[in-house]
Every structure is written in structure tokens, then in C-alpha cells.
Amino acid sequence: MGIISAMEEYPLAHKVTVFQSRKARRALSRRFASANLWTPPHHLLERGALSVELLRRRLDLLHSPDFIAPMRGARRHVITVHDLSFIHYPEYMTPESRRYYNGQIQASVMRSDHILADSFATKQDVVDILDVPPEKITVHHLGVEDVFRPLPRSLTKPVITELDLPESYLLFVGTVEPRKNLVGLARAYRDLKLEMPDLPKLLVAGRPGWHFEQLMRDITKVGINDSLIFRHDISDSQLPALYNHALMLILPSHYEGFGLPALEAMACGTAPIVSNVASLPEIVGDVGILVDPRDLPTISGAMQRVLVDSAWRAAQSEAGIERAKRFRWEAAAQTVLDVYQAVLN
């Protein structure tokens, strides 16, 4: 959505059509033409069915942002690979999802004329695991929306009140699924609370994902339910207030293809604690603290430093705001358009 909006500001020589599911509630673009697709997404026969559906449109180029390209949907194909979590951590997915992605990723990267990746870490994964030549892959980092910025309490407090949240808290944002290492985070929080009984509560904001029910049972066994707040229905408009009131963002994931919450938190002036794996180090740079997601004392220690070292936290706030300015949707859109032109030529 961010890239589409940014592309709308560029003069384009070609007609652009944005395809979306027939069940979509609103168009994704204000400027470009829209068309509905009947082929159900994430279906085992998707590549063949979508090829038939797109054949009559005689497309010069098709960009598949979910990386599963049709067999013959256009003259040229570009795909975006966001991550290879289904290969790194298949145990964190449902059997159906594993079959869908693993059964089609190799054919999709081979069929495509060029591949876009959200991070250099994902590009390296595609090269190492799928044996794709590096020159076939172009990296474009995602951007951060302007709504993510430091905000006055007069704007954020009504949102916090509406959501029935405390004035300050520790924050996790993301899909609630095992890959995010929420059980590890809960255990690290429990250990820190033994040293700091007045530790602010931990807010988990995100929609349920794969293996949600089992994950919630595992978190309950940690024994800190009274200190946990879950909000599964946070809207996009409420997110900036959540970041602004948080003492820190903690994203101790086992794997991330990009890690957008870390970028959004930095843009709001909130210090990030993130895993030292996959794409996260290249997103946060030297802002906040990198932790080993398997090392609970390291995670606890990082949280403690953010809480007790107010001068350091203030410095990280300023550094995060500055770093976030590097990630713009306009730059991502320009990279995508350059790839389109190169592929068409």
C-alpha cells in the first residue's frame, strides 16, 4: 500500500492496473485503474488459475508482491520476497501454509524475471537457500508513514483512554505467533519483575496468527498474566499513540524479513530492543539494543537499562527519530519503478 501511494506521485509512461481480491472492501489506489480477481489467494491451484484469469489482459509486466507468481500471467514477471520464514522455521506454521509456500517458492523465483526483497538479509537468504543469482535481486527497504512521529499527549491520551491502557508500559507490536518469541519475552519479563516489582505492564498489540491458541497456553504457563495486556484489534490510526506512550518496543523475534514495528517505534521516538538476527540489525543500526532471542538474561538486562537510564533513553529517542528518516516510501517506489523499466527493456 505504501509503495502504491508513493508511485502515484510519479509521472508514468505506462498504464498501471492494481489487481486485488474481489472481496476487497476498498480500492488500493486513487490514481491507478483497479481490477478484481476471482482466483482465491493462497490456494494450491493459484498459479494456474491466475494465469488463465490474467491471459486476456495481455500484460507487459506483472508484479506479484506476495511472491507467488502465476505460470504465464504476463510477458514479464517481478515478484517480492519478504522473508523465508517458512523455510527457516517450518514448525511455526500450519501444515497447509508450509505446503503452499514450500511447494511453489522455487518455481516462482525461477519463473520471475527479477526479484525484489525488503532487506539485504532476505536477499542473502534467497541467494543462499534458493540458489538465485544475486544480480537478479534488488533490495528496497520499506518506508515509514508520516503519522509515526512524536506526538503531544493531547493527541495520544484520548487513544490510550479509549483502549483502557495505563499511562506507560512495555510494548510488543506484531502478529501473535510463535516466531515472534513471545514466550521468551514473557519469561524475560518475569525474571526482571523479580528484581523490579513495580515493573510497568507488558502490552502485546497484534492480531492472532498461526498456532495462536497453543501460544496463549504456553504464555499462561509463564505465570505473569496479571502483568500482561493483550489488544488484538488495534487500528492503524491508534498505533502512533501506542508507540508514543511506550517506554520501549521489544521485538525479540526468531526471524523477521524486515521488522516494520521497530522502524515505526523509532520514528515515534521510542527505543527499540530487537533481536540480533535476520533483517533487524540493518533496520535499527546503532539505535536501541540488539539481543540474542535465545538469551533471556540479555533481554531482561536490555529492558532494565531502558527503564533505569533515562539519559541514555533520551539519546536513543533522538537517534531513532533521525534514523527513521532514512526509510521513505518514495525511495522504495523509485527503486521498484527502476526495476520495472529495466525488466521491460
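Data block above holds the structure.
Residues numbered from 1 in each chain as written. Predicted model: local features only at pLDDT ≥ 70, side-chain atom pairs only at ≥ 80, totals over all residues. Heavy atoms only, no water.

S.K.: So what's going on with the nonpolar core? Residues and values would help.
M.R.: Core analysis: the biggest nonpolar cluster contains 84 residues, and Leu170, Leu171, Leu242, Tyr243, Ile273 and Met303 have the highest contact counts within it. The leading source of residues in this core is helix H15 (residues 329-344), at nine residues. Other than its neighbours up to four places away in sequence, Leu242 contacts Ile160, Leu163, Leu165, Tyr169, Leu171, Leu203, Ala205 and Ile234. Counting 20 residues, the second-largest nonpolar core is a separate cluster that includes Phe86, Ala117, Leu130 and Tyr255. (Core = buried A, V, L, I, M, F, W, Y, C linked by side-chain atoms within 4.5 Å. Buried < 20%, exposed > 50% of the residue type's maximum accessible area, 1.4 Å probe, protein only. Helix = DSSP H or I, 4+ residues; strand = E, 2+ residues; numbered from the N terminus. Contact = heavy atoms within 4.5 Å.)

S.K.: Quick rundown of helix H11 (residues 260-267)? Include the residues and the values.
M.R.: Counting buried residues in H11 gives seven out of eight residues, a clear majority hidden from the surface. Just beyond H11, the residue with positive phi is Gly269, at close to 85°.

S.K.: Can you tell me about the pattern of salt bridges, naming the residues and giving the values?
M.R.: Using the criterion set out here, one finds 13 salt bridges in the structure. Note that Glu256 and Lys180 form a salt bridge whose closest N and O atoms lie 2.6 Å from each other. Here Glu256, found in the loop between strand S10 (246-251) and H11, pairs with Lys180, found in the loop between strand S7 (169-173) and helix H8 (182-195); they are 76 residues apart in sequence, far enough to count as distant. No difference in accessibility class separates Glu256 from Lys180, as the two residues are buried. Here Lys325 makes a salt bridge to Glu322, at a shortest N to O gap of 2.9 Å. On the basis of relative accessibility, which here comes to 46%, the residue Glu322 falls in the partly exposed class. When salt bridges that share partners are traced, they join Glu177, Arg179, Lys180 and Glu256 into one network. (Salt bridge = Lys/Arg side-chain N within 4 Å of Asp/Glu carboxyl O.)

S.K.: I'd love a proper account of unusual backbone geometry, names of residues and values included.
M.R.: Phi at Arg58 takes a positive value of approximately 50°, unusual for a residue other than glycine. Looking at where Arg58 falls in the secondary structure, it is placed in the loop between helix H2 (46-55) and strand S3 (61-64). Given the relative accessible area of 75%, Arg58 is considered exposed. Positive phi, close to 55°, is recorded for Asp164, a residue that is not glycine. Owing to a relative accessible area of 62%, Asp164 belongs among the exposed residues under this scheme.

S.K.: Summarise helix H7 (residues 153-162); cite the residues concerned and give the values.
M.R.: Those residues of H7 lying buried are Thr156, Val159 and Ile160. The buried side chains of H7 occupy one side of the element, clustering within an arc of 100° when seen end-on. Opposite the buried face of H7, by more than 90 degrees, sit the exposed residues Ser154, Thr161 and Glu162. Of the residues trailing H7, Asp164 is marked for its positive phi of about 55°. (Arc of directions from axis to C-beta.)

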